[in-house]
Amino acid sequence: MASNEKRVLVAVSRDGAGIARLLSVLHNANCRITVVAPPGLELLSSRFCHRHAVTWNGAKGVVGALTNGEFDRSDFDFAIIADSEILELLMAPGAPKEAKVWLPTSGPAAAGESFLLATEFAVSAKRLGLPVPEFRLACGPYQVLKAGQKLGFPLRLRPIRNRSLQSVRIIENAAMLRAASRTIPAAATAVLQRHVSGIRVRTNALMNNGFPLAWFSWQSRVDSNRGTSSRFFGTAYDHVDVEPVLHRLGERTGFTGFCGANWILERETNLLYLLGFQPFPTEPIDAGRKVGVDFAAALAQLMSNASTVQRPGCRQEVINLSIFPEAAIEAVKKRSGALLLQSLRDAPFDDLRLLAAQLRRLVCTCLRPDATALNPPTQACLGIEPSSNLGTQPASLL
């Protein structure tokens, strides 16, 4: 390893639209990358993955590898927890004390937890004065029905302990609310939130102890009037509320690393509402270069303690963003040749092994239209017998 190379550990349990391309950003920041993950993930095809420590049993196996002494946090200059399942297990009340060293927050664990849980996020954000849609808390089916009727339609419903990856129900009328309330256990608490119709906006950021070093936002080209939007193609976007809200989120969490925020831009009022904070990398980090934000340079400066702030430089210019292969899959479904060509410009031609894996997924998804665009590999599909082993096999060099 070169003397000026930085050692980075990436812990991940499933494929994501942004995580595979994150490795090229780390490579450009002069990092040597160790990935702790189950076998079969798409990002493991990347030529920028220098070492793969094989784990089993999904996120539990990754957490086991991080906490059983196989890895020492002091051996790495930077660590990235790349999905919410791993972060959730590291922050669980019964997690071993070794888990705390891997947390990407400098504040109390409860602060980060409040941004993982739907209800705690809404309550905490409201206390900070952040612009979140109006919401109500309700316990049991009767209160859910009563609170929903007061809040009005359409609204979003999810249990209090429901994690960010689980489904959120969009309730459009009283009949749907009555049916949904009957599925809520008597002692369960749920959050009901006004469903704002408008345009989805996503922000990708890099923070250092809660201070935003680099970020940019983009908006979907598809309206979310009925809860539908495309995560994989849109235009670069900027709004005056993004930067101050990012600072408030950073102050609350003390977060260090790549993160993201979800917003909704209400069409009638042009107000930007905060929907959620993701304390892990989101798509598309590598697209920042198109709007003048170099995350690789920002990360290199962060690790050398010489950070400068990078703001998006496209306040007037419209820049299209399309994430390959997800936008290509969408283009095939919509039979849009223009979108297909645009998505191909985003293909990782500098990483041919990753490109081959993504092209394989593109072809398979197009041949099976009912298949999910991104499916995490399971032990069954890999031909592996289920195991309770939470550790790793001997790490292998790629």
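Here the structure is shown first, and the text comes after it.
About the criteria used
- Residues numbered from 1 in each chain as written.
- Predicted model: local features only at pLDDT ≥ 70, side-chain atom pairs only at ≥ 80, totals over all residues.
- Heavy atoms only, no water.
- Pairing = 2+ DSSP bridges.
- Helix = DSSP H or I, 4+ residues; strand = E, 2+ residues; numbered from the N terminus.
- Axes fitted to C-alpha atoms, helices over the stretch in contact; angles between N-to-C directions.
- Contact = heavy atoms within 4.5 Å.
- Buried < 20%, exposed > 50% of the residue type's maximum accessible area, 1.4 Å probe, protein only.
- Core = buried A, V, L, I, M, F, W, Y, C linked by side-chain atoms within 4.5 Å.
- Polar contact = N/O pair within 3.5 Å; in protein donor to acceptor, adjacent residues only side chain to side chain.

A. Structural context of the sheet that holds strand S5 (residues 135–139). The antiparallel open sheet is built from four strands, whose spatial order is S5-S8-S6-S7. Only two strands of the sheet have a single partner each, and these edge strands are S5 and strand S7 (169–171). On average, each strand axis in the sheet is tilted by 25 degrees relative to the strand beside it, whichever way the strands run. Taken together, the five bridges between S5 and strand S8 (residues 189–194) define a ladder with antiparallel strand orientation. Residue pairing for S8: Arg136 is matched across the bridge by Leu192. Contacting S5, strand S6 (155–159) and S8, helix H6 (residues 140–151) crosses the sheet at an angle of about 160 degrees to S5. Helix H7 (residues 174–181) contacts S6, S7 and S8 of the sheet and is inclined by roughly 140 degrees relative to S7.

B. The arrangement of the pairing of strand S4 (residues 78–81) in detail. Residues Phe78 and Ile80 of S4 are buried on one face, and the alternating residues Ala79 and Ile81, pointing to the opposite face, are buried as well. Relative to S4, strand S1 (residues 6–11) runs parallel, the two sharing four bridges. Paired with Val10 across the strands is Ile80, a residue of S4.

C. Examining the nonpolar core more closely. Counting residues in each nonpolar core, the largest one holds 43 residues, and the members touching the most others are Val10 and Leu26. Among the secondary structure elements, those contributing two or more residues to this core are S1, helix H1 (19–28), strand S2 (31–37), S4, strand S10 (211–223) and helix H9 (295–303). Listed in part, the 25 residues of the second largest apolar core include Phe121, Ala125, Phe255 and Leu265.

D. Highlighting the environment of His50. When you line up the elements, His50 lands in the loop between S2 and strand S3 (51–54). Note on His50: relative accessible area 17%, which makes it buried. A sequence separation of 19 residues divides His50 from Cys31, and the C-alpha atoms of the two residues are 9.7 Å apart. Within polar-contact distance, the side chain of His50 engages the backbone nitrogen of Ile33 at 2.9 Å.

These results come straight from atomic positions and should not be treated as a statement about function.
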